[in-house]
Amino acid sequence: MIRNYFKIAWRSLWKNKTASIVNIIGLSVGLACCLIMVLYMQHELSYDKFQQNGDRLVRVIMEYSFNGSPVTKGNFTSSKVAPSFKRNFPEVEDGVRMSADGDRLVKYGKKLFTEKKFLYADPAFFRIFSFRLVKGNPAEVLKSPNTVVLTRSTAKKYFGNDDPIGKILVVSSNKTNFTVTGIAEDCPSNSQIKFDFLASFSSFGPAQEETYFNANYTTYLLLKDKNSITSLQAKIGPFMKKEMVSSEGTYVNYELEPYTRIHLYSPYDAFEPNSNITYIYIIAGIALLVLIIACFTYINLSVARSIDRAKEVGIRKVSGAFRLQIFTQFIIESFIITTASLLLSFTLVAAFLPAFNQLSGKSLQPSDLTQPGVVGVALLIDLFIAFVAGSYPAVILSKFQPVKVLKGGFRNTSSGLWLRQSLIIFQFVISIFLVIATIIISAQMHYIQNKKLGYEREHLILMNLDFSIIDKADVFKAELRNNREILSVSSANSSPVDIVGSYVMKRADMKSGQEINTWGNFIDEEYVKTNGLQLIAGSDFTKQDVLDASHDDYTRNVFHFVINESAAKALGWTPEQAIGKQMFLGDRRPGEVKAVVKDFHFASLHTPIEPLVLFPGSWGSTLIVKVSGNNLAQTIRFLQNKSKQFAPGIPFEYRFMDEDFNKLYDTETRTTRVFTIFSSIAIFLACLGLFGLSAYSARQRIKEIGIRKTLGASVSNITFLLSDSFLKLVLIAFILAAPVSWFVMNKWIQDFAYRIHISWWMFALAGLSALLIALITVSFQSVKAATANPVKSLRTE
């Protein structure tokens, strides 16, 4: 019997190839989207699950303020925290200090590479974390200064098939020799700690454990009991009050973050950017909505075919078939379609996964589809759609009355019409919501790209200066200025795009402990001009200012400052009043305000502009080159040749300032693309469902249309008659989607300190687009029905 069901189902599907293909395509697209999202979510939710001690690991977060100023928090600590907490708290079993100290040039023989994943860690690293060593003693590999552990792929890159243990690597241009003491397996892609080189923490020199303020490191603690985090947290506050009793007006405390929650829940990045659990919910929601749309489309297309199958059902019932048998027959057909769709969706996922990886920044593999969890979810989805989405058409078809069908007098009543229309409305609510979201996100990104930031970012090339060039930076910059296509050259710690140096400042008349948090950046005399910053009071730095602040004997340094408007306001001055005033930047930089620049956005537009102090220095590691934009390729070759001349053997690398700016909004850019793709897919699937329902409606009213044409109705009259009810459904969907879209997107956009105003035209554009697409979809069936020969439809009357 079962075999017969499958045979009949296959014959029926093969006979109606067009309808079957449309159904399979619609479902496979929806399933492919859902599977890709399942792979992404599975990868994100699996972060750090391989860590055997993960439930006992915590990261230490520092918070501090001076004399009541706003509290500053971050994932930084001094090197004192780990040993101090281990000595003073019995809950702490061990601790490890880590640091990512920027890019490193690594040389072995003639091989020279710039390495971005160069980390430092205490000897306890391999005891605390579950990174497997292939070669080396876990307790010894990081014990001595200037020792380093390589990953397997890194060892292969430098040494080929040779044994790397004991080999010497030259790191950076200060010619530090590091001995290879161990080889580790490559870090998993779902780890927040990823390294190619892991050097001993003692390579920094003797640990500075006498202060809590040298906060340049990341600290992880291993607890003896996973349940002791609350009791330990309660002890830290009183302990730190005792530790800071001699520092009046200074507040320092530490919070503990469970290690396994950092990637999705922490606002403070690990050694790679965090994700966000909110985005996981959004992606899960989108995947579910696309799957629902695909199911509804399948239902509407199946119901549209019900009239073609009416006589088949009538003959089966007259021949003695029970309703359950007919229901089972159509459920099996549904199962065949969904299974074929599932198989096709796996092919689509494998084909489009590279594009998704580029979009998401992940490295998902087609082999991930074979994981038991993914296969299990896919099969459950297949069975769910086959039964739930297939049940409604099966019930409709199995209810047909054979007498009416075989006499040719069968008519579908309005029974179930409300449900079919509800499905269309729901599909378009989702589609219109996604379109509105896409429009608003795109508008915000356009605003970001075109907002006046207070500095220039076009035709500016950035280069990281090697130490060998920094020592002779003035000569190097002078050589570059000889090229007529280079308009100006500046060196600094950071470009204006993302200034990250954190300091405190105060007026000369402020007492100790009254410092104000500020951002800072040391620059040369060309920085303001090269980046197009606007001076509103005072005068720019001169070469003498830079020289005065660059003595080897720090006590001889004389500082001048250029502050922004926000810093002047925080210090209680107008821009004009600030000129010539005495102030302190930290404890070691007393000086005089020389100029005030107009506020500019030196961080993401997510945050408001804060106080900023620019101070002179000649040791900037970032070179900023302003070019004319003409003969760009030749200009870059000129830069490359000069770099090789001044730093032979050092790889030439450059980037445009625009690239750094765009990186600030990687998440938003990816979100825009995701919403664009999925809103397009949602519209496509919704239109397939609308196509099926309009075909069903046209077939229901075929004789009515014939009579109207006989009585003189025009093609346009009949087209409007058939299209009107469907356009009303889309209009209802728009009315439901608009307020939901406004609420969700208004909440999203509040994350930006500088943002667009959500305008009515964004909703109007989405609504008109949906109506136009729906009209085109429905009109195809409406015109087809309106132009049909009425003689054929009335022949049986």
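Just above, that's the structure.
Overview of the structure. (Residues numbered from 1 in each chain as written. Predicted model: local features only at pLDDT ≥ 70, side-chain atom pairs only at ≥ 80, totals over all residues. Heavy atoms only, no water.)

### So, the overall build of the chain
Move 1: Helix and strand content of the chain: 26 helices and 24 strands.
Move 2: Of all intrachain contacts in the chain linking residues separated by at least 6 positions in sequence, the fraction that spans at least 24 positions is 80%.
Move 3: Of the roughly 36800 Å² of accessible surface on the chain, a fraction of 58% belongs to carbon and sulfur atoms. (Helix = DSSP H or I, 4+ residues; strand = E, 2+ residues; numbered from the N terminus. Contact = heavy atoms within 4.5 Å. Areas by Shrake-Rupley, 256 points an atom, 1.4 Å probe, with all protein chains shown as cover.)

### Some details on the packing of aromatic side chains
Two aromatic rings are characterised by how far apart their centres lie and by the angle between their planes.
Move 1: Under the criterion given, the structure shown has 35 aromatic pairs.
Move 2: Note on Phe125 and Phe129: the rings are 5.0 Å apart at their centroids and 40 degrees apart in plane angle, and the pair reads as tilted.
Move 3: Judged by relative accessible area, which is 2%, Phe129 ranks as buried.
Move 4: Summarising the aromatic geometry, the rings of Tyr212 and Tyr254 are spaced 6.2 Å apart at their centres and angled 50 degrees between planes, so their arrangement reads as tilted. Pair noted here: Tyr212 is in the loop between β11 (197-200) and β12 (218-223) and Tyr254 is in strand β13 (residues 250-258), with a separation of 42 residues, a long-range link.
Move 5: Of the residues examined, Tyr212 reaches a relative accessible area of 4% and is grouped as buried.
Move 6: An aromatic cluster of at least three residues, connected via ring pairs, comprises Phe50, Phe125, Phe126, Phe129, Phe131, Phe195, Tyr220 and Tyr259. (Phe/Tyr/Trp six-rings, centres within 6.5 Å; stacked < 30°, edge-to-face > 60°. Buried < 20%, exposed > 50% of the residue type's maximum accessible area, 1.4 Å probe, protein only.)

### With respect to the packing of helix α15 (residues 473-481) against helix α20 (residues 632-646)
Move 1: Two elements in contact, α15 and α20, have axes whose closest approach is 11 Å; the angle formed by their N-to-C orientations is 150 degrees. Judged by the inter-axis angle, α15 sits roughly antiparallel to α20. Pair α15 / α20 crosses with right-handed handedness. Seen from α15, the contacting residues are Val475, Phe476, Glu479 and Leu480; seen from α20, they are Phe638, Leu639, Lys642, Ser643 and Phe646.
Move 2: In terms of residue class, the contact of α15 with α20 is built from six nonpolar, one polar and two charged. (Axes fitted to C-alpha atoms, helices over the stretch in contact; angles between N-to-C directions. Parallel < 35°, antiparallel > 145°, perpendicular 65-115°, else oblique. Left-handed = near helix turned anticlockwise from the far one by under 90°. Nonpolar A, V, L, I, M, F, W, Y, C, P; charged D, E, K, R; others polar.)

### Digging into the state of the cysteines
Move 1: Per the stated rule, a full pass over the model turns up zero disulfides.
Move 2: Cysteine Cys33 shares no disulfide, and the gap to the nearest cysteine sulfur, in Cys34, comes to 8.5 Å.
Move 3: Look at Cys33 and you get buried, because its relative accessible area is 8%. (Disulfide = S-S within 2.5 Å.)

### Structural notes on the pattern of salt bridges
Move 1: Following the criterion strictly, the structure yields 25 salt bridges and no others.
Move 2: The shortest N-O distance in the salt bridge between Glu456 and Lys626 comes to 2.8 Å. Residue Glu456 is found in the loop between α13 (417-450) and β14 (460-464), and its partner Lys626 is found in strand β23 (residues 622-627); the two are separated by 170 residues along the sequence.
Move 3: Each of Glu63, Lys73 and Glu255 takes part in one network of salt bridges that share partners. (Salt bridge = Lys/Arg side-chain N within 4 Å of Asp/Glu carboxyl O.)

### Focus on the environment of Gly30
Move 1: Summarising the element assignment, Gly30 is placed in helix α2 (residues 17-45).
Move 2: Separated by 312 residues in sequence, Gly30 and Leu342 have C-alpha atoms that sit 9.6 Å apart.

### So, helix α23 (residues 702-710)
Move 1: Within α23, the full set of buried residues consists of Lys703, Ile705 and Gly706. Seen along its axis, α23 keeps its buried residues to an arc of 155 degrees; they face one direction.
Move 2: One or two positions beyond α23, positive phi appears at Gly712, with a value near 105 degrees. (Arc of directions from axis to C-beta.)

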